[in-house]
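For reference, the chains in residue letters:
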Amino acid sequence: MTHFPAAERAVRGAAPFGLLDAVRAALAEHYDALGADLLLADYGLTVLQPVTDLPHTAEPQPVDAGPAGRAFAGQEPQRRPVEDGGAVDLFLPMTVRGDRLGILRVRVPEERTTSQDLQELGALAEILAHEIVVADRDTDVYLQARRAGRLTLAAEMQWQLLPGRGYTRDEYAIGAQLEPAYAIHGDNFDWAATSENLTLTITNGMGEGIEASLLTNLAVNALRNARRAGIGIADQAALADQALHAQYGGSQYVSTLLLSFDLASGRVLAVDAGSPQLWLQRGREIEQIPFEAQLPLGMFEETDYVAQEFEVLPGDRLFFVSDGVYDALSASGEAYGEKMLARAIRSASLLPASAVPRAILQELVVHLDAHADDDALVVCLDWFGRESSG
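First, a word on what this report is: a plain description of the structure on this page. All of these numbers come straight from a predicted model, not from anything done at the bench.

With respect to the sheet that holds strand S15 (residues 285–288)
Then step 1. Across the sheet, six strands lie side by side as S8-S9-S18-S17-S14-S15; this open sheet has antiparallel pairing. Edge positions in the sheet fall to strand S8 (166–168) and S15, since each has one partner strand and no second. Strand-to-strand twist of the sheet, defined as the mean angle between neighbouring strand axes without regard to direction, takes the value 15°.
Then step 2. Pairing analysis gives five bridges linking strand S17 (residues 317–321) to strand S18 (residues 376–383), with the strands arranged antiparallel.

Laid out in structure tokens, this is it:
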């Protein structure tokens, strides 16, 4: 008889700050586990932070090394025999609808690695991930544990504003990342899904520090307020434009790209308000999708915005990049530019959407021979489409 329901109840019933203790106890009682640890991905997606006693962590591990790194990158469980024999370390991905949180490492006796045990332990890792996301409403311990350094106040505001770093459904998969992760200023991405539609916005905020973050916070929340009123993206842009102009009088503004995807048809409506660039990879071809340029949000009072239309096909990959990527200059003054961006896109072709933004930003760091000083945003969207019922 499976012990999974009892273990699940124990985890779901734990206090927000007590999830680690609860999962350790449940795994020991129901799966004879000899130990369990969390390894949480840090904000920069560069290391996994092994949690010892929340919110305290041990020496961080590279996110792309060892069995934990392989489990995180490939989103498949990994196993490693314990040297003393008789036990196995399992590395189980903790992911919430495509958003990769980290790894649950569980040490179990060899006899507790049947296919059913592995399936149930993997499911418990997913449940734990969901509970951590919910727990973040009520406790800081997991947010603290995933930090490899201190966030600036502007970065704190930006990360709290984001929906996540990934989202997956049958029709699409999204991966996104911001740099410098611990000192981001004004760049932002946001999305909202329904059964028939995906709304995606990419914001390239102007300015630096707390001023840039405050500006972007107002813009994103104005767009959300308009979106939640049930109106189209052109009117969403117009209302956000009015909100920003009312506050700043045209002295501050944001460049934003708004997109609305129809899941059934692949039809996309877009409003380019001085936006970040959009690139399409279709087969072996890579091209920038041009839009009729419209004014950034907040530049002038009562600007009218018009939605344009294009179509995505199953197998398409879309890239959204801010000017901190394509305008970045190396020490010799060479711009990253379209050629290098296209090369980075091709080199990431075999990666899942969740891993693509970090790969492109790593290419950018190599170009700069340093960490990015300006905000750099990359969002990747893989379009799978919806099978026709007819």
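Focus: the pattern of salt bridges
Then step 1. Tallied over the full model, the rule gives 18 salt bridges.
Then step 2. The shortest N-O distance in the salt bridge between Arg-169 and Glu-171 comes to 3.4 Å.
Then step 3. For Glu-171, a relative accessible area of 6% translates into the label buried.
Then step 4. Taken together, the shared-partner salt bridges connect Arg-169, Glu-171, Glu-196 and Arg-386 into one network.

Thoughts on the pairing of strand S11 (residues 197–205)
Then step 1. Most of S11 sits inside the fold, with eight of its nine residues counted as buried.
Then step 2. Bridging between strand S10 (residues 188–193) and S11 involves six bridges; their strand directions are antiparallel. Counterpart to Phe-189 in the pairing with S11 is Ile-202.
Then step 3. Taking the residues that link successive antiparallel strands as the turn, the S10-S11 hairpin has three residues.
Then step 4. Looking at chain direction, S11 and strand S12 (residues 254–262) are connected through nine bridges and run antiparallel.

What to know about the sheet that holds S11
Then step 1. Spatially, five strands are ordered S10-S11-S12-S13-S16 in an open sheet, and the strand pairing comes out antiparallel. Either end of the sheet is taken by a strand with one partner, and the two such strands are S10 and strand S16 (308–311). Put simply, the sheet's adjacent strands are angled 20° from each other on average, direction ignored.
Then step 2. Bridge count for strand S13 (residues 267–273) against S16 is four bridges, and the pairing is antiparallel. Looking at the pairing, Val-268 lines up with Phe-310 of S16.

Points about the packing of helix H7 (residues 209–227) against helix H8 (residues 233–248)
Then step 1. Closest axis-to-axis distance for the H7/H8 pair is 8 Å, and the angle between their directions is 140°. Seen from above, H7 lies across H8 with right-handed handedness. Contacts from Leu-214, Leu-215, Leu-218, Ala-219, Ala-222, Leu-223, Ala-226 and Arg-227 of H7 reach H8 at Gln-236, Ala-237, Leu-239, Ala-240, Ala-243, Leu-244, Gln-247 and Tyr-248.
Then step 2. For the contact of H7 with H8, a count of residues per class yields 13 nonpolar, two polar and one charged.

Basis of the calculations
Residues numbered from 1 in each chain as written. Predicted model: local features only at pLDDT ≥ 70, side-chain atom pairs only at ≥ 80, totals over all residues. Heavy atoms only, no water. Pairing = 2+ DSSP bridges. Helix = DSSP H or I, 4+ residues; strand = E, 2+ residues; numbered from the N terminus. Axes fitted to C-alpha atoms, helices over the stretch in contact; angles between N-to-C directions. Salt bridge = Lys/Arg side-chain N within 4 Å of Asp/Glu carboxyl O. Buried < 20%, exposed > 50% of the residue type's maximum accessible area, 1.4 Å probe, protein only. Left-handed = near helix turned anticlockwise from the far one by under 90°. Contact = heavy atoms within 4.5 Å. Nonpolar A, V, L, I, M, F, W, Y, C, P; charged D, E, K, R; others polar.

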